[in-house]
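Reading the structure
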Amino acid sequence: MVIDRRRFLQLCAGAGAIGMSRARAATYTPSPKLPIIDVHLHAYPADMALPATPNPVTGKPPGPKDGEAHLRACLAEMKRLNVVKGVVSGGSGDRLGAAAHWHEAAPDRIIAGAGIRGSEDTPLPEIGLLRKEFGEGRLRVLGEVSAQYAGLSLSDPKYEPYLALAEELDVPVALHTGSGPPGISYDPCCHGFRASLGNPALVEEALNRHPKLRLNVMHGGWPYLEGTIAIVNHYPQVYVDLGAIDWLLPRAEFHAYLGALTRAGFGKRIMFGSDQIFWPEAIGMAVEGVESARFLTPSQKRDIFYGNAVRFFRLGKGEQMKP
Ligand SMILES: [Zn+2]
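Numbering of residues begins from 1 in every chain and follows the order in which that chain's sequence is written. Residues qualify for local features only when their pLDDT is at least 70, as the model is predicted, and side-chain atom pairs are given and counted only at 80 or more; totals for whole chains, interfaces and linings, by contrast, use all residues.

1. Quick look at the overall build of the protein chain
Rules: The helix count covers DSSP runs of H or I at least four residues long, the strand count covers runs of E at least two residues long, and both are numbered beginning at the N terminus. Our exposure labels follow a C-beta count within 10 Å of each residue's own C-beta, placed from the backbone: buried means 20 or more other C-beta atoms, exposed means 12 or fewer, and partly exposed covers the counts in between. Contacts here follow a simple rule: the backbone-placed C-beta atoms of the two residues must lie within 7 Å.
Secondary structure assignment for the protein chain yields eleven helices and eight strands. Across the 323 residues that make up the protein chain, the buried fraction comes to 50%. A fraction of 77% describes how many contacts in the protein chain between residues 6 or more apart in sequence connect residues 24 or more apart.

2. Some details on the sheet that holds strand β4 (residues 141-145)
The criterion, for reference: In short, DSSP must find at least two bridges between two strands for them to pair.
Reading across the sheet, the eight strands line up as β1-β2-β3-β4-β5-β6-β7-β8 and stay open at both edges, with parallel pairing between neighbours. The strands lining the two open edges of the sheet, one partner per strand, are β1 (36-43) and β8 (270-271). As paired elements, β1 and strand β2 (residues 83-90) share six bridges and run parallel to each other. Bridged to D38 within β2 is G86.

3. Here's the deal with helix α3 (residues 95-105)
Among the eleven residues that make up α3, eight are buried, leaving the element largely enclosed by the rest of the structure. Burial in α3 covers these residues: R95, L96, A98, A99, A100, H101, W102 and H103. Taken together, the buried residues of α3 touch β1, α2 (67-81), β2 and β3 (110-116).

4. As for the confidence of the model for the protein chain
Close inspection of predicted coordinates is inappropriate in any region flagged by low pLDDT. How we decide: A score between 0 and 100, pLDDT records how confident the predictor is in each residue.
Model confidence for the protein chain is summarised by a mean pLDDT of 91, while 88% of its residues fall at 70 or above. Across residues 4-21, confidence stays below pLDDT 50; counting only partners more than four residues off in sequence or on other chains, it has 35 contacts.

5. Re the packing of helix α4 (residues 127-135) against helix α5 (residues 160-169)
Basically, it comes down to this: Structural elements are reduced to axes, namely lines fitted to C-alpha atoms, with helices fitted over the stretch in contact, and the angle between N-to-C directions of any two is expressed from 0 to 180 degrees. For classification purposes, angles smaller than 35 degrees are called roughly parallel, those larger than 145 roughly antiparallel, those between 65 and 115 roughly perpendicular, and all remaining angles oblique. In a left-handed crossing the near helix is turned counterclockwise from the far helix by less than a right angle, and in a right-handed crossing that turn is clockwise. The residue classification treats Ala, Val, Leu, Ile, Met, Phe, Trp, Tyr, Cys and Pro as nonpolar and Asp, Glu, Lys and Arg as charged. All others, Gly included, are polar.
Relative orientation of the contacting elements α4 and α5 amounts to 20°, with a least axis distance of 11 Å. Looking at the two axes, α4 sits roughly parallel to α5. The interaxial crossing formed by α4 with α5 has right-handed handedness. Across the interface between the two elements, I127, L130, R131, F134 and G135 of α4 pack against P161, Y162, L165 and L169 of α5. Partitioned by chemical class, the residues of the contact of α4 with α5 number seven nonpolar, one polar and one charged.

6. Let's talk about the pairing of β4
Where burial is concerned, most of β4 is hidden: five out of the five residues are buried. Here three bridges tie β3 to β4, and the two strands are oriented parallel to one another. Bridging across to β4, A114 finds its partner in L142. Here β4 pairs with strand β5 (residues 173-176) via two bridges, running parallel.

7. Some thoughts on the pairing of β5
Put simply, the test is: Here, the term right-handed applies to a crossover whose path from the first strand over the helix to the second runs clockwise when the strands point away from the viewer.
Along β5, one buried face is formed by V173 and L175 and the opposite face, lined by A174 and H176, is buried too. Note that the unit made of β4, α5 and β5 has a crossover that is right-handed. Note on the crossover from β5 through helix α6 (residues 204-209) to strand β6 (residues 215-218): the handedness is right-handed.

Here is the structure:
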C-alpha cells in the first residue's frame, strides 16, 4: 500500500475498527525460526520525518522518528524474525533513492524495487534511468507500481514502455491491487483513484501484450477474490502477495481470503509480504497472521513464507539463505 503520511490518517480512521485485540501480536516471535522472505516492504528517505500516526491495530505510535531510524528498526526486526530477504520499494519522496539506500545498508538482505506511479504529483521516472539501474542490478523489481492511485490500470498505454523494459530485462513486476485508504479519491493526490481499478482482472491486456512478464499481484487483490483467482488461474506467471491484508484486516476475514486462495489450488503462488509502512513491528504481526492460519499445513506455510518467493524472484542458490 503506497501512501503518504497525511493520507494514512484516513486509513487509520478506517482501520481503527479492527481494534486492539491483536496488540500482543506486535511482539510476536515465531518458533522455530525458519527463514522467511518478505516481498512487500517500504522505505522512506533517510532524512524524512516519519509521522506520529499510531499503528492502526495496536494504537501505539511508531518508534522511529525518521527514515534512517525506520530502516535500522526494520532491519533489526527482520533479523529477530529470521527474515533473510526483503523486497523494498520507496513509499514517499525520492522512491528510487530510498529503496537503493536500504539495499546499500544491507546488500545481502535487501532487494530494491522501483516504486512508480504515473500521477501528476508522482510522475514516472525517466525510462533510461530505470534501464541503467536494472542493468547494473541496483534495482531488481519494477514495483510497487501504484497505478490505481493515478487512476489507471496496469493495462493503460502509459505503462507500456516500462512493461516492455521489464519483459526485455526479465525484471519481475509488483503491482498494487485491491484497496486504498478510505476517502482517498477525495485527496488532491489521487482524484482519479477508483476502488474498481483495484481489480486484478484489469491486468489481463498487459499480460497479453507482454506474455513473458512475471507479475506479483500485491495485497492478494483483496477484496477481489474472483478477479484474483481468474487471473492467477489463467496466467501461470502471476503470483500474489499478502501485504497489509495479513495484519491490517480483521483476522477472520484475512484467513477466509487466504483459505479461499489456497482451496482454489494456488498455495504455490502465494508469497508472504508485510507492507509494514511506518511500523517495523508490523513485520512480526504479519508473520503471525499467516502462522496462525490453522488450515495451512506446515509445508504450505513454508511455501508461503519462503519457497514461492525463491521461485518467483528466481533467487540463486547462493543468495537463498543469506545472510
Ligand atoms: Zn500497495
